[in-house]
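Listed here are the chains, written in short residue letters.
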Amino acid sequence: QVQLVESGGGLVQAGGSLRLSCAASRNIININAMGWYRQAPGKQRELVAVITSGGTTNYADSAKGRFTISRDNAKNTVLLQMNSLKPEDTAVYYCKVRGVVVGRYTFDDYWGQGTQVTVSS
C-alpha cells in the first residue's frame, strides 16, 4: 500500500516559520518529481514548489525567496521550509510524489492526506 505521511503543519504568526515533511513509503521507487501543493478555502489547489530527482527546483511566484524545497532520496522524503509566512499562505498543504510502485511499470502521482497551515496576522 502506498503511503505519504505528512507532518509539520500548524498555527504560526505572520513572519514566522514552519517546516513541512513528507515521507513516502518504500514501495514507491524510481521517484521522479516530489512537490508541495496547497489549497485555500474556496480556491483551487495550486503548486507551491517541486523538485526533481536531479535536484532541479521550481517555485510558485508567491513562494520564491521565502520557501525552500529539498529532498532526501535515500529516505524518500521531501521537505518544505517556509519562512516569512503571511496570512495568505494559510491553506491545506499536500505532498505529491511521482514514481513507480513496486510491481507496476508506469509512473503515477500519489498524494498525501494534507496538513493544515494557518498563519495569523
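Residues numbered from 1 in each chain as written. Predicted model: local features only at pLDDT ≥ 70, side-chain atom pairs only at ≥ 80, totals over all residues. Heavy atoms only, no water.

**So, the overall build of the protein chain**
Moving on, step 1. Summing up its helical and strand segments, the protein chain has zero helices and twelve strands in all.
Moving on, step 2. For the protein chain, the α and β elements follow one another from N to C terminus as β-β-β-β-β-β-β-β-β-β-β-β.
Moving on, step 3. Taken over C-alpha atoms, the radius of gyration comes to 14 Å for the protein chain, in line with the 14 Å a tight globule of 121 residues would show.
Moving on, step 4. Taken over the C-alpha atoms alone, the protein chain extends approximately 50 × 25 × 25 Å along its principal axes.
Moving on, step 5. Out of the 121 residues in the protein chain, the part that is buried amounts to 44%.
Moving on, step 6. Of the contacts formed within the protein chain by residues at least 6 apart in sequence, a portion of 57% connects residues at least 24 apart.
Moving on, step 7. Carbon and sulfur atoms make up 47% of the accessible area of the protein chain, which totals about 6,400 Å². (Helix = DSSP H or I, 4+ residues; strand = E, 2+ residues; numbered from the N terminus. Rg over C-alpha atoms; globule rule 2.2 N^0.38 Å. Buried < 20%, exposed > 50% of the residue type's maximum accessible area, 1.4 Å probe, protein only. Contact = heavy atoms within 4.5 Å. Areas by Shrake-Rupley, 256 points an atom, 1.4 Å probe, with all protein chains shown as cover.)

**Considerations on the packing of aromatic side chains**
Moving on, step 1. Throughout the structure, instances matching the rule amount to two aromatic pairs.
Moving on, step 2. Between Tyr94 and Trp111, the aromatic rings sit 6.5 Å apart at their centres with planes inclined by 80°, giving edge-to-face as the arrangement. Taken together, the residues Tyr94 in strand 10 (residues 91–101) and Trp111 in strand 11 (residues 108–111) connect sequence positions 17 residues apart.
Moving on, step 3. Taking relative accessible area as the criterion, Tyr94 reaches 15% and is therefore assigned buried.
Moving on, step 4. Looking at Trp111, the relative accessible area reads 38%, which means it is partly exposed.
Moving on, step 5. Pairwise contacts between aromatic rings join Tyr37, Tyr94 and Trp111 into one cluster.
Moving on, step 6. Residue placement shows Arg45 over the ring face of Tyr94; its charged tip is 3.7 Å from the ring centre.
Moving on, step 7. A cation over a ring is seen here: Arg45 above Trp111, with NZ or CZ 4.7 Å from the ring centre. (Phe/Tyr/Trp six-rings, centres within 6.5 Å; stacked < 30°, edge-to-face > 60°. Lys NZ or Arg CZ within 6 Å of the ring centre and 35° of its normal.)

**Focus on the state of the cysteines**
Moving on, step 1. Counted under the stated rule, the structure contains one disulfide.
Moving on, step 2. Note that Cys22 is cross-linked by a disulfide to Cys95, the S-S spacing being 2.2 Å. What sets the handedness of the Cys22 and Cys95 disulfide is the S-S torsion sign, and at about -75° it is left-handed. Of this pair, Cys22 sits in strand 3 (residues 18–24) while Cys95 sits in strand 10, placing them 73 residues apart in sequence. The pair formed by Cys22 and Cys95 is uniform in burial state, with each residue classed as buried. (Disulfide = S-S within 2.5 Å.)

**Examining the environment of Ala14**
Moving on, step 1. Looking at the secondary structure, you find Ala14 in the loop between strand 2 (10–13) and strand 3.
Moving on, step 2. A sequence separation of 63 residues divides Ala14 from Thr77, and the C-alpha atoms of the two residues are 27 Å apart.
Moving on, step 3. Those residues in contact with Ala14 that sit more than four places away from it in its chain are Leu85, Pro87, Val119, Ser120 and Ser121.

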